[in-house]
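A closer look at the structure
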Amino acid sequence: MLIRNNGPKNFARRNFIKSAGITALGLSVAPALISFKNPQEHERKSSERMFPEGFLWGTATAAYQVEGAVNEDNRGATIWDTFSHIPGKIKNNDNGDVACDMYHRYKSDVQLMKELNIKSFRFSIAWSRIFPNGTGTPNQKGLDFYKRLTDDLLANDIEPFATLYHWDLPQAIQDKFKGWESRDTAKAFGDYAGYVAKNLGERVKHYFTINELRTFVELGYGNGMFAPGLKLPARNLNQVRHHSLLAHGLAVQAIRANGNAGTRIGLAENLDVPVPIIDTPENIKASEIAMRESNAGYLTVIMEGKYTEKFLQNAGADAPIFTPEDLNIISSPLDFLGINIYMPSQYVQAANNADGYKTIPFAKSHPRSTSEWQVLGPEALYWGPKNVQKIWNAKEIYITENGISGADELTADKQVYDTDRISFMRNYLTQLQKATSEGVPVKGYFYWSMMDNFEWASGYDTRFGLYYVDYKTLERIPKESARYFKALAQSNKVR
Ligand code: NOJ
């Protein structure tokens, strides 16, 4: 997965019809334009687009991408502080020192969430604010920040969903244990997770252990594009994968042991979603086989408690070293499954070969966002949850991230007309709604991201937010898509 800003030139754009009414919520114009001969027919058509009652709408962020205040209240350094300060690693040599300054502006940011009418917020806790050295003495001031934030969310009827690891490993852990190369890191993560669950238990009921195992392992330890910038050989990389899985399992156990009654635990994984090129029964079966195998190093182990035969065969002498007890820990039962879906990982077709499927490559002209890696394919938001339910019998699923980066610009009248983002949401959410209407148990959706932020190696140029951030003043400005999302959350219906 390449994380590089490719600019708008590759971005296939449609000619959108200019609509005079679109600056408002976009709702007032619709009824006047649509005239149904039969009002009941209109009603039926509208209800087809509804999400299930109680569907949870939310937005997501992550600590290093939004908080800033990296030297405040005893926060310890992380591998991203170190990495982003190495010249040439991040586009424009940006770093997260200030980011969106949410550490200080969280109260007004919670009001902005309220303005969107959302009922949940997914954020991450910075391990090094709680344990500045990764292990040892906890830092009360760090904990207090998350108490203040979650108190404020709850006071505004917004349910906090906390991620415990969104890639900002304490630098001390990298130095002491070689980070995820060691089992000690998995153990330290479990201890930190238990401590947070015990101390935030009254406020936070939903936890995600780790965000996107696949991304931080492959990019951070495999190709060096992310912190800590390593390019490990296959053997070590497999061990890093295994330790990250183990960390997830240990955290599940620690949260369950230390959290309040009713605490619910999941993870947020970057699911590979193979999409059938044509919906035939054979191709659908092929997409299931492909999904299980293409997630074999990550989610498949968590859901099944084993590495697939193919995975182990392919790894050969470089396979990870593990015990049966590790696999039990890794597959500790979850209360829900979070999946981050931005795109189809590939299109597939049934094939009479050893794999049982064949990959159809993406066309050169396949539409992409301004993030070169992001191929656009709304069907992923149907096939992702659908196959997760089918393969692993998942009972409760959240879309923990979905979003699009755009070349957002402020106009002279201080607006951002991000029609591309609205079109993206409408198309992807139509597919998600179809899945829920077929009984796929998706309970909520978190748009990535609440506001523009530090997009890792792509820096601040790559904007995913519903709120535009003016990085000179740190002012937040609602984009047109914020109004679209608000209407969606209010009506529980794709519009
Ligand atoms: C996945 C990550 O969890 C998040 O941190 C990142 O900004 C988005 N995808 C967009 O790339």
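Residues numbered from 1 in each chain as written. Predicted model: local features only at pLDDT ≥ 70, side-chain atom pairs only at ≥ 80, totals over all residues. Heavy atoms only, no water.

What follows deals with helix H7 (residues 140-155). Across its 16 residues, H7 extends 22 Å between first and last C-alpha, which sits within 8% of the 22 Å expected from 1.5 Å per residue. Of the positions making up H7, those classed as buried are Gly142, Leu143, Phe145, Tyr146, Lys147, Leu149, Thr150, Asp152 and Leu153. Where H7 is buried, its residues meet helix H3 (63-66), helix H5 (102-115), strand E2 (120-124), helix H6 (127-130), strand E3 (159-165) and helix H9 (183-200). (Helix = DSSP H or I, 4+ residues; strand = E, 2+ residues; numbered from the N terminus. Expected span 1.5 Å × (residues − 1). Buried < 20%, exposed > 50% of the residue type's maximum accessible area, 1.4 Å probe, protein only. Contact = heavy atoms within 4.5 Å.)

Take the site of the ligand next. In the vicinity of the ligand, the contacting residues are Gln65, His166, Trp167, Asn211, Glu212, Tyr342, Trp373, Glu401, Trp448, Glu455, Trp456 and Phe464. Contact distances for the ligand include 2.7 Å between an oxygen atom and a side-chain N or O atom of Glu401. Between the ligand and Trp456 there is a distance of 2.8 Å, counted from an oxygen atom to a side-chain nitrogen or oxygen. Contact with the protein chains hides 97% of the accessible area of the ligand, taken as 300 Å² for the molecule alone. (Near = heavy atom within 4 Å. Polar contact = N/O pair within 3.5 Å; in protein donor to acceptor, adjacent residues only side chain to side chain. Areas by Shrake-Rupley, 256 points an atom, 1.4 Å probe, with all protein chains shown as cover.)

On to the UniProt feature "binding site: substrate" (unreviewed entry) in the protein. As annotated by UniProt and renumbered to match this structure, "binding site: substrate" (unreviewed entry) occupies Gln65, His166, Asn211, Tyr342, Trp448, Glu455 and Trp456. Locating Gln65 in the fold gives a position in helix H3. Owing to a relative accessible area of 0%, Gln65 belongs among the buried residues under this scheme. Once residues lying within four places of it in the same chain are set aside, the contact partners of Gln65 are Ala99, Cys100, His166, Trp448, Asn453, Phe454, Glu455 and Trp456. Locating Tyr342 in the fold gives a position in the loop between strand E7 (337-340) and strand E8 (346-350). (UniProt positions renumbered as here; feature names shortened; annotations may be inferred.)

A few words now on the sheet that holds strand E9 (residues 357-360). With mixed pairing, the three strands of this open sheet are ordered in space as E6-E8-E9. Each edge of the sheet is formed by a strand with only one pairing partner; in this case those strands are strand E6 (274-276) and E9. Between one strand and the next, the sheet's axes are offset by a mean angle of 45°, whatever the strand orientation. Here E6 runs beside E8; their pairing, made up of three bridges, is parallel. Considered in E8, the bridge of Pro276 is made with Val348. Sheet strands in contact with helix H12 (residues 281-294) are E6, E8 and E9, and its direction is about 125° off that of E8. (Pairing = 2+ DSSP bridges. Axes fitted to C-alpha atoms, helices over the stretch in contact; angles between N-to-C directions.)

This part covers unusual backbone geometry. Pro228 follows Ala227 through a cis peptide bond whose omega is 5°. Within the secondary structure, Pro228 is located in the loop between helix H10 (213-222) and helix H11 (234-258). For the bond from Trp448 to Ser449, the omega torsion is 10°, close enough to zero to count as cis. One non-glycine residue, Asn92, lies in positive phi territory at about 60°. Mapped onto the secondary structure, Asn92 falls in the loop between helix H4 (79-84) and H5.

Moving on, we get to the pairing of E7. Burial along E7 is two-sided: the face carrying Leu337 and Ile339 and the face carrying Gly338 and Asn340 are both buried. Here three bridges tie strand E5 (residues 264-270) to E7, and the two strands are oriented parallel to one another. Residue pairing across strands places Ala268 opposite Gly338, the latter belonging to E7. Bridge count between E7 and strand E10 (residues 397-401): four bridges; the pairing is parallel. Counterpart to Leu337 in the pairing with E10 is Ile397.

Among the structural elements, Ala268 can be located in strand E5. Assessed through its relative accessible area of 0%, Ala268 is described here as buried. Considering only alpha carbons, one finds Ala268 and His166, 102 residues apart in sequence, at a separation of 9.6 Å.

Let us look at the UniProt feature "active site" (unreviewed entry) in the protein. The UniProt record marks Glu212 and Glu401 with the feature "active site" (unreviewed entry), using the residue numbering of this structure. A stretch of 190 residues holds the annotated residues, and the largest C-alpha distance among them is 10.2 Å, short enough that they meet in one place. Counting through the fold element by element, Glu212 comes out in the loop between strand E4 (206-211) and H10. If we ignore the near neighbours within four places in the chain, the residues touching Glu212 are Trp167, Ala268, Glu269, Asn270, Asn340, Tyr342 and Glu401. Counting through the fold element by element, Glu401 comes out in strand E10. Residue class for Glu401 comes out buried when judged on its relative accessible area of 4%. With residues up to four places along the chain from it excluded, the contact list for Glu401 reads Arg122, His166, Asn211, Glu212, Ile339, Asn340, Ile341, Tyr342, Phe446 and Trp448. Reaching out from Glu401, the side chain makes a polar contact with the side chain of Arg122 at a distance of 3.1 Å.

Looking now at the packing of H12 against helix H16 (residues 380-392). For any two helices packed against each other, one specifies the crossing angle of their axes together with the interaxial distance. Between H12 and H16, whose axes approach to 10 Å, the crossing angle comes to 80°. Classified by the angle between their axes, H12 and H16 sit roughly perpendicular to one another. Contacts between H12 and H16 involve Ile284, Ser287, Glu288, Met291 and Arg292 from the former and Trp383, Gly384, Asn387, Val388, Lys390, Ile391 and Trp392 from the latter. Taken together, the residues of the contact of H12 with H16 sort by class into six nonpolar, three polar and three charged. (Parallel < 35°, antiparallel > 145°, perpendicular 65-115°, else oblique. Nonpolar A, V, L, I, M, F, W, Y, C, P; charged D, E, K, R; others polar.)

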